[in-house]
Amino acid sequence: MRGDQLARQWRILRAIEADKNGLTIAEIAEQEEISLRTAYRDIEALQAAGFPLYYEKFEGSNRWFFVDTYKFKVPQPFTVTELMSLHLYSDLVRVFRGTPFYEALESLFKKVRVTLPPQALNYLNTIQSTFQVGIKPFKEYGRFREILSQVNRAALESLRLEIAYKSLTSETEALRKVDPYKVWFFDGTLYLIGHCHLREEVRTFVLDRIRMLRLTEEHFEIPPDFSLEDYMKHSFKVMQGDLYTVRIRISAEWARYIGEKIWHESQKAEKLPDGRLDLTFQVAGLEEIKQWVLSLGPQAVVMEPTELIELVLADLSGARMLYDSETAIPQRMRER
């Protein structure tokens, strides 16, 4: 497939660039587990794309290199392919359009485009015809430009914040003093993670639910033992809560699809004789994993704990009542 060929040629380009001693065709073929003929064709394709590759004879073998003057066009400490990789992932920052982050990154990408030789840009255009990065869903953070800018400044300068915050489950705003430890982007949403003086513990705040914000002149220090990775390690996604052992049984039809992904770092999988799959997790709170189970419909059944089984059954019952009241379900289906 063409996508596989382009990916292989990209790796070959990276390998030649990284090795100061150059690579032989045999070494390229061995690294990529391809024939010598295919390795030659890949080198020819890269040369045809405009990359100035050349070879020198050394101890009876031809070793392939980049032309030195080509490397000199790239600012240190970057390499051509590192800049190409950066440009390739520029799609990732579109979610921040309208924010200071986006403007700074867009300026960076413009500099990358100017720095890269025409041959590299042409090759990138070919790759991007088969490779694209997308993030869905996402929020329009341009509307929260000022709040994001202030939160980022507070985190950088270790300044305490006063915020008016409206949580998802509250009808009123609560005034909080927060020491902003981290600005965290996850699953299309920006979060502020910091010490909440109202609750006297580290809390997670959805950035776009901050209704008002003021930087104080009070400074704070992040505790030396604080780690974002440790703080989030038990969350199925974002939420915190009591720790539960959760076991989900996946149908044989979906076992391969579900089993090929890591949904949580605590995940343990057991393949059953009939093809079904048991997944076990250690997670904080049950709300997020409940929503995940419900999203799988009849392909997933909660085996434990009882609390999660009851939550899922309550939601299914509530959904059935809603369909009964809001839609024209035939009577024969209602009686099932």
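As a reminder, the structure under discussion sits directly above these lines.
Residues numbered from 1 in each chain as written. Predicted model: local features only at pLDDT ≥ 70, side-chain atom pairs only at ≥ 80, totals over all residues. Heavy atoms only, no water.

1. Comments concerning the sheet that holds strand S8 (residues 210-219)
Judged by pairing direction, the sheet is antiparallel, and its five strands sit side by side in the order S7-S6-S5-S4-S8 without closing on themselves. Whereas interior strands pair on both sides, the edge strands pair on one side only; in this sheet they are strand S7 (201-206) and S8. Taking the axes of each pair of neighbouring strands and ignoring which way they run, one obtains an average angle of 45° across the sheet. Pairing geometry for strand S4 (residues 159-165) and strand S5 (residues 174-186), over five bridges, is antiparallel. Directly across from Tyr-165, in S5, lies its bridge partner Ala-174. (Pairing = 2+ DSSP bridges. Helix = DSSP H or I, 4+ residues; strand = E, 2+ residues; numbered from the N terminus. Axes fitted to C-alpha atoms, helices over the stretch in contact; angles between N-to-C directions.)

2. Structural notes on the nonpolar core
Counting 34 residues, the largest nonpolar core has Val-151, Leu-161, Ile-163, Leu-207, Ile-210 and Leu-213 as the members making the most contacts within it. Contributing elements (two or more residues each) for this core: helix H6 (100-115), helix H8 (145-157), S4, S5, strand S6 (189-196), S7, S8 and helix H9 (228-232). Look past the residues within four positions of Val-151 in its chain and what remains in contact with it is Leu-161, Val-183, Leu-192, Leu-207, Ile-210 and Leu-213. Ala-39, Leu-53, Phe-66 and Leu-116 belong to the second-largest nonpolar core, a separate cluster that totals 21 residues. (Core = buried A, V, L, I, M, F, W, Y, C linked by side-chain atoms within 4.5 Å. Buried < 20%, exposed > 50% of the residue type's maximum accessible area, 1.4 Å probe, protein only. Contact = heavy atoms within 4.5 Å.)

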